[in-house]
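Close look at the chain arrangement
Given next are the chains, with one letter for each unit.
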Amino acid sequence: MGKKILIAGGGIGGLAAAAGLLQAGHDVEVFEQAPELTEVGAGIQVSANATRVLYNLGLKKALDDVSVLPQRTEFRLHDTGEVISEIPLGPDHEAKFGAPYYHVYRPDILRMLRERVEALKPGCIRLNATVEGYEEQADRVVMTLKGGETVAGDLLIGADGIKSAIREQMHGAQEAEFTGQVAWRGMIPAEKLPDDFMPPVFINWMGPRRHMVVYWVNKGNYLNFVGCTEKPDWTEVGWTIKAPWEDLKADYEGFHPDVQTMLDAMDRDSCYCWALNIRPRLPFWSTERVTLLGDSCHPTIPYMAQGAVMAIEDGAVLVRALDEGRDLAEALTLYEQARIDRTARIVNESTAHAQLYHHDTHKAFRDAFADKQPAADRAKWLYNYDPLTVPLRPKPVQTDG
Ligand code: FAD
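Computed from a prediction, not measured in an experiment: that's the story for all the values here. (Residues numbered from 1 in each chain as written. Predicted model: local features only at pLDDT ≥ 70, side-chain atom pairs only at ≥ 80, totals over all residues. Heavy atoms only, no water.)

Looking now at unusual backbone geometry. What is expected of a backbone is that most residues other than glycine have negative phi and most peptide bonds are trans. Even without glycine at this site, K219 takes up a positive phi of about 55°. Among the secondary structure elements, K219 is positioned in the loop between strand 14 (210-217) and strand 15 (222-230). Among the residues examined, K219 registers a relative accessible area of 48% and is labelled partly exposed. Positive phi outside glycine occurs at A305, with the angle close to 55°. Along the chain, A305 falls in the loop between strand 17 (290-292) and helix 9 (307-324). Owing to a relative accessible area of 21%, A305 belongs among the partly exposed residues under this scheme. (Helix = DSSP H or I, 4+ residues; strand = E, 2+ residues; numbered from the N terminus. Buried < 20%, exposed > 50% of the residue type's maximum accessible area, 1.4 Å probe, protein only.)

The structure is reproduced here in structure tokens:
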């Protein structure tokens, strides 16, 4: 029988989970603190492991209508622009991993998820609804909203992001550790750039202690960039925290003329900077009637572009665990067991990628990228993962006789 499920947070993770749970016959309500459901004007990369979940939610056409299918990843030296390594995407990614790799504008993906959720259960997303805490009782969980209103359900999912109130109640306040690195981001309308500025590829411009990734979104209407560099005195975490354009330009001084063209073309008042933090791995994600999902339980630095992808995977596995578990306790155990090691591996490897993308000399870059096997091996376990079929129960151990 379907459960009454409360979701704190209407970001990509919360809405993807809501759509999957509604599709599976549960009764879902989403509580979002913001007055409207909006995503920042930034890009997001969606690899096969999440694409198959979005397809399962009926979003193939919506994705094809608004996204970009990049043809390849190019790793370039920051100053000369020499391509030192390439990974084919486009048809190759789909053929190898079973589903396409998309570049999506974040407002587009949030809109398609919202429309899917509202089609399945109109009016189930409540805005201006800040979740402050919860109380678990024997037969239900009671959640409290800012202002004092309480709402009861069978299960509460904390999909409330990196500053999660649900995680804080479950685990206490947790100190995030600043990596000393920040992510600059910005978006440039295509008409501000020279014609044929860049094909539909993903470019990683790699330099000393900094890199910058660039790709098109929204059918090529915008060029999105994320530039990661060291900035030990910047500790603010958030998508909409502005920083001076002049500082961004200074950080990327010496980068290729294409990078300068891009930075010169951007709106100088729309330059954002996010401090990249890591948090210790949580020992557990669930109690009797509460669980966590997405950035609330495994925030990552974005070097493997898997943060939202992991949140989407979480929701799909949780749907299956609720179906396969004999009761709620077992379902939450199955969910957590299936997810906790994979997400920790992605988080750890993302952190380690700073070493791969930041070198001082051309030779060091060439050496680091000479062996293509590690990237090929990583792609296999990362993108072949299918949240819709991955076994949730450990295989029985075979014994002789
Ligand atoms: P969020 O997106 O943070 O959503 C949480 C929601 O909960 C928000 O809407 C918030 O308003 C709401 N909320 C918070 N507190 C409360 C409360 N108390 N009550 C009610 N609502 C609440 N990931 C990728 O997969 N691919 C990429 O290419 C990629 N690029 C990135 C680039 C950068 C620079 C950064 C910083 C991250 C990137 N990520 C990427 C990571 C990705 O953005 C996150 O992992 C993803 O957004 C997490 O989704 P979420 O739904 O868990 O959390």
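Take the sheet that holds strand 17 next. Across the sheet, five strands lie side by side as 7-2-1-11-17; this open sheet has parallel pairing. Each edge of the open sheet is held by one strand with a lone partner, namely strand 7 (125-126) and strand 17. With three bridges joining them, strand 11 (residues 155-158) and strand 17 adopt parallel strand pairing. When the bridges of strand 17 are listed, G158 appears paired with L292. (Pairing = 2+ DSSP bridges.)

Attention now goes to helix 2 (residues 48-56). The buried fraction of helix 2 amounts to seven of the nine residues, a majority that puts the element mostly inside the structure. Those residues of helix 2 that sit buried are A48, N49, A50, T51, R52, V53 and L54.

For the rest of this paragraph, the subject is the nonpolar core. Core analysis: the largest hydrophobic core is formed by 72 residues, its most contacted members being I7, L54, I109, L113 and L156. The biggest single contributor to this core is helix 9, with nine residues. (Core = buried A, V, L, I, M, F, W, Y, C linked by side-chain atoms within 4.5 Å.)

Turning our eyes to something else, we now look at the site of the ligand. Lining the immediate surroundings of the ligand are 31 residues, of which G13, E32, Q45, D295 and A308 lie closest. When isolated, the ligand has an accessible area of 990 Å², and the protein chains bury 89% of it. Going through the elements one at a time, helix 1 (12-23), strand 3 (43-46) and helix 9 are the ones with two or more residues in the shell around the ligand. (Near = heavy atom within 4 Å. Areas by Shrake-Rupley, 256 points an atom, 1.4 Å probe, with all protein chains shown as cover.)

A word on the packing of aromatic side chains. Tallying each qualifying case throughout the model produces 10 aromatic pairs. Each ring, one from Y101 and one from Y383, has its centre 6.3 Å from the other, and the planes form 90°; the classification is edge-to-face. Taken together, the residues Y101 in the loop between helix 4 (90-97) and strand 6 (102-105) and Y383 in helix 12 (residues 373-383) connect sequence positions 282 residues apart. On the basis of relative accessibility, which here comes to 7%, the residue Y101 falls in the buried class. Between Y105 and Y222, the aromatic rings sit 5.2 Å apart at their centres with planes inclined by 20°, giving stacked as the arrangement. Of this pair, Y105 sits in strand 6 while Y222 sits in strand 15; the two residues are 117 residues apart in sequence, bridging distant segments of the chain. Across from the ring centre of W245, 3.6 Å away, lies the NZ or CZ of R268, which sits over that ring. One cation-aromatic arrangement involves R345 over W381; the distance from NZ or CZ to the ring centre is 3.8 Å. (Phe/Tyr/Trp six-rings, centres within 6.5 Å; stacked < 30°, edge-to-face > 60°. Lys NZ or Arg CZ within 6 Å of the ring centre and 35° of its normal.)

Across the protein, pLDDT averages 94, with 98% of residues at or above 70. Interface confidence for the predicted complex, given as ipTM, is 0.97, next to a pTM of 0.95. (pLDDT = per-residue confidence, 0-100.)

Below, the discussion takes up the environment of Q23. Tracing the sequence through the fold places Q23 in helix 1. Residues within four places of Q23 in sequence aside, it is in contact with N56, L57, R116 and L120. In this structure the side chain of Q23 is engaged in a polar contact, spanning 2.9 Å, whose partner is the side chain of R116. (Contact = heavy atoms within 4.5 Å. Polar contact = N/O pair within 3.5 Å; in protein donor to acceptor, adjacent residues only side chain to side chain.)

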